[in-house]
Each structure stands twice: as C-alpha cells, then as structure tokens.
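Tertiary structure, described
Read off the chains here:
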Amino acid sequence: MILDDFGRESVTGEQQSASQPQRIDRYVGQYAERAVDMVASEIRALFAVAARPEIVSLAGGSPYVAALPLDVVGEMIGQLIANHGATALQYCTAQGDAGLRERICDVMALEQIRAHPDEVVITVGSQQALDLLTRIFIDPGDVILVEAPSYVGALGAFAAYQANVVHVPMDDDGLIPEALEEAIARTAAAGKRAKFLYTVPNFQNPAGVTLAAGRRHRILDICRRVGLLVVEDNPYGLLGFESEPMRALRADDAEGVVYLGTFSKTFAAGVRVGWALAPPAIRDKLILAAESAVLCHSSFSQLTVREYLNTQPWQEQIKDFRELYRERRDATLTALSAMMPPGCHWTRPAGGFYVWLGLPEGINAKAMLPRAISSRVAYVPGTGFYADGSGGGFARLCYSFPDPDRITEGVRRLASVIENEIQLRDDFGPPRTPATR
Ligand SMILES: Cc1ncc(COP(=O)(O)O)c(C=O)c1O
C-alpha cells in the first residue's frame, strides 16, 4: 500500500496513468497568491510514515480517545438520534446551538472565566476559529506576534492569509514580557502595527511550557497599553497534572482577549467542536465569516457534545485523561533522563501533550529525521514551529498516544539515533544544512 502526504491510500502507477495522466499541476500559474504559501506541514507529511505499526510515533499530537467509554458514548448517540434526530440532523444557526453555548460557559468557569452564552461562537475545532480570526483581521503583510516556537496549525492559518509572523521568545515560564515589549517596539519602528498576539499559555504546543501566573498580568498590561488584541488559544488548560486549572487571561480582560477552546482534548477530536469567546463586535464578524465558510456547523456534532456534557460525568473523564497523560509524561521524562546523551536538554511539562527536546550543538533535527524513521521512531523537527524555518536544533516529542512501554522504547531508539549523529558530527563536522538553531 502506498500512502501519500495526507495518509491516504494512493493509487498505483498504472492506475495513475489511466486516471490522472499528468503529474504536473496544469493550474500551477492560476492559483491565488495566498495559495502559494499553502504547503503540507512537517507533521502532515509525517503522518503517513509515522502511522506504520513498527514505528514508535512521538510525532502527531493525537489524543488517546480510546480511553473514552466508547460503548456508553455510542449508546448516548443512539438515544440522541432517536429522541432529537430531527434537530440533530438539520441545519442550525452559524453561532451554534444555544444549549451547548450555555454548557461551554460552565466549562470556561473552571478557568474562572465569567461569560454569557451570547458571546460564544461555535467553530469546527479551535483550528477554524484561528482561520476565521485571521480572515477577519489580517491583510497580506500584517504582523501577528506569536511565541517562538508556536503551534504549527496556527502558523499554517497565518501563512494562508499572508500574515507577517514575528516570533517572540519564551523561556521555561512562557512568553517573556520584555521580549514582547521589544517585538512591539520593533514592529512599530518598522512602520507596522501588530494586529494581534497569538499565545498558547498552558502546556504550550510544541514547547510544553506554561505562562507563569506572575507574568499573566504583565502580558495583559503591555497589550492593553498599545491596544494589542490577545488571542488566547487554550486546548490543554484542563489537562494539568499538578494543580488546579490556571486562571485564563480572558478572566481578567473581557475586551482585550479572544479566548479559543475546544473539546478535542477533553472529549473527542473527531466531533470537531470548538469555540471562540469574543467581545460582541468581533463575535459578530466571526459569525458572518463562519456563515460564509460553512453556513452552520454540524448540528449532530454540537448536540453530541451537548448531550455528553448534560448526561455524562465529563469532569471525571477529564480526571482520567489527566492521569493517563501524567503517566505518559512521567515515562517520557524518566526515559529522557536515563538515556539521552550529553548535550540534550528538554522541557518538563506540567500538563498537556508535549516535550520540547533540544539537541546537542551541530545536530539538525530535520536532517536526522530519515535516520530516525529508519530506526523506527518518529518526532516532529522544530523547524515546523517557526515561520522562518529555524528551530532545527529542536524536536517535538508528543507522549499522548503511545503507552508508557512504547514511549520508553521510542526514546531508547531516538537516543541511539542522536548518539550516531554525534559520532558523525565528530568525525565529519556538522552537516551543511540550514542553520541548526
Ligand atoms: C495549540 C493548539 N491550538 C489549536 C489546535 C486545534 O485543535 P482542534 O481544531 O482539534 O480544536 C491544536 C491541536 O492540536 C493545538 O495544539
């Protein structure tokens, strides 16, 4: 079987010549300029190989949905169609189901957000909220400030609207306020104005770090002072291992923050239900943009989530997910400490899915990947998380999907690949690849 970049089964050579005689895109000169920057992300391109059973994939960030009581969820969905099928299978409004929006306000209250259901817009995962926000705010060349490194899907959406992405450094406590001030000043000095700051404050994807409580007010103050909108993307906030959920940025600024949430990590990624909580003017634009994109979101998915929240012990389920991911995080950190060669360093996530692994000087994660795949382990090179393709000295390891034994085996294989790479570097010097950091 041949798999293409998107993990689909592709046709054989013979079939191809019969059904698709030309391999070169005949429309290549006709796409809109914005489509030129639309390329498969590093992660997407990897899914096909990483899905092979012999490979331990520390690459894609899939949640472990098999931990859900699938029989109970199946029963619930059967009842939903039997009792509310005529609504669940019908169109609805672009803003989304009112009952679900009410329940979403209960979910956000866990992070001390007080919100009214009218302020919530349902989206197809938080990914669509990112797309819609970029669509309503960004003209080509407009600046978006983002953490360095940042979520690959957000970078993809920003590139699709030809944004000028400016990275702002982080440390183990998340986004650095002074660096944010500098980036704002540099942007202004270049005669531009940043349209928004995009941040993942909790258990960040890909770095695994969390914005320290003491920094949250400072970040908000800086943004308020210059009128910079904050987009707070928070898929992992309820998946902390060591403490109660942190207070959301949105809890302290209803006018200056658009908050994005999703059920992908706390319930099921496949239902594709997320949301944006936005000040009224932005909310109205988001609804119009959603209408033109999809008319309305899936009523079936929305009612499934509403039913789940209304009838199932969802907070208990989140606790179970936390325990499961904590065990996998522990397995990852233990294996890294035991096996990684000198010169490697990594973050210690207090929640979420990701560890950010720094490689020894002169080792490039992108150049090393084919060797890792041959050794049956996959990761995502750091380059996928920078708009300018830097980050080659890092790899993202995701521990959410493999069980602890597989994680340990994966880290063992990766450590051995890195050791070989060090040997090559010492024998022949660093590879002639783009900058390693
Ligand atoms: C930081 C971040 N934002 C947004 C998303 C998109 O999630 P979804 O569209 O499934 O809600 C993800 C998924 O991994 C993510 O890590």
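Below: a short report on this structure. Just so it is clear, the structure is predicted and the values come from calculations on it, not from any experiment. Residue indices follow the written sequence of each chain, beginning from 1 at its first position. In view of the model being predicted, local features appear only for residues whose pLDDT reaches at least 70, and side-chain atom pairs are presented and counted only at 80 or more, with totals across whole chains, interfaces and linings using the full set of residues. Heavy atoms from the whole structure form the basis of all side-chain values; hydrogens and water molecules are not counted.

Some remarks on the pattern of salt bridges
- Only one rule defines a salt bridge in this text: a Lys or Arg side-chain nitrogen within 4 Å of an Asp or Glu carboxyl oxygen. Enumeration according to the criterion identifies 20 salt bridges in this entry.
- Salt-bridge contacts for Arg218 lead to Glu178; the nearest nitrogen and oxygen are separated by 2.6 Å. Here Arg218, found in helix α9 (residues 213–226), pairs with Glu178, found in helix α8 (residues 177–189); they are 40 residues apart in sequence, far enough to count as distant.
- The cut-offs for exposure are 20% and 50% of the maximum accessible area for each residue type, with area from a 1.4 Å probe on protein chains only; residues under the lower value are buried, those over the upper are exposed, and the others partly exposed. On the basis of relative accessibility, which here comes to 37%, the residue Arg218 falls in the partly exposed class.
- Its salt-bridge partner being Arg413, residue Glu409 comes within 2.9 Å of it at the nearest N-O pair. Of this pair, Glu409 and Arg413 are both found in helix α15 (residues 404–428), 4 residues apart, which corresponds to roughly one turn of the helix.
- Overall, the relative accessible area of 24% leaves Glu409 in the partly exposed class.
- Three or more residues are tied together by salt bridges with common partners; here these are Asp221, Arg224 and Asp253. Put simply, DSSP marks the helices as runs of H or I at least four residues long and the strands as runs of E at least two long, and each gets a number from the N terminus on.

Some words on helix α7 (residues 152–160)
- For α7, the tally of buried residues reaches 7 of 9 residues, placing the bulk of the element in the interior.
- Those residues of α7 lying buried are Val152, Gly153, Ala154, Leu155, Ala157, Phe158 and Ala160.

Looking at the packing of aromatic side chains
- Whether two aromatic rings pair depends on their centres lying within 6.5 Å, for rings of Phe, Tyr and Trp, where Trp uses its six-membered ring; planes under 30 degrees apart make the pair stacked, over 60 edge-to-face, and the rest tilted. Enumeration over the complete set of coordinates arrives at 13 aromatic pairs.
- Any Lys NZ or Arg CZ found within 6 Å of a ring centre and within 35 degrees of that ring's normal is scored as a charge over the ring. The ring of Tyr64 carries the charged tip of Arg328 above its face, separated from the ring centre by 4.4 Å.

A few points about the pairing of strand β11 (residues 274–277)
- Burial along β11 is two-sided: the face carrying Gly274 and Ala276 and the face carrying Trp275 and Leu277 are both buried.
- Here a strand pair is declared whenever DSSP counts at least two bridges between the two strands. Strand direction decides the pairing type here: strand β10 (residues 257–262) and β11, joined by 4 bridges, are antiparallel. Note that in β11 the partner of Tyr259 across the bridge is Leu277.

A look at the side chain of Glu232
- Its location among the elements puts Glu232 in strand β9 (residues 229–233).
- Contacts described as polar in this section are N or O atom pairs within 3.5 Å, which, within protein, must combine one atom able to donate a hydrogen with one able to accept it, while residues neighboring in sequence count only if both atoms come from side chains. Polar side-chain contacts of Glu232 include one of 2.7 Å to the backbone nitrogen of Leu249.
- Separated by 2.9 Å, the side chain of Glu232 and the backbone nitrogen of Arg250 make a polar contact.
- If we ignore the near neighbours within four places in the chain, the residues touching Glu232 are Thr199, Pro201, Ala248, Leu249, Arg250, Val257, Val258, Tyr259 and Leu260. Two residues qualify as a contact provided that any one of their heavy atoms is within 4.5 Å of a heavy atom in the partner residue.

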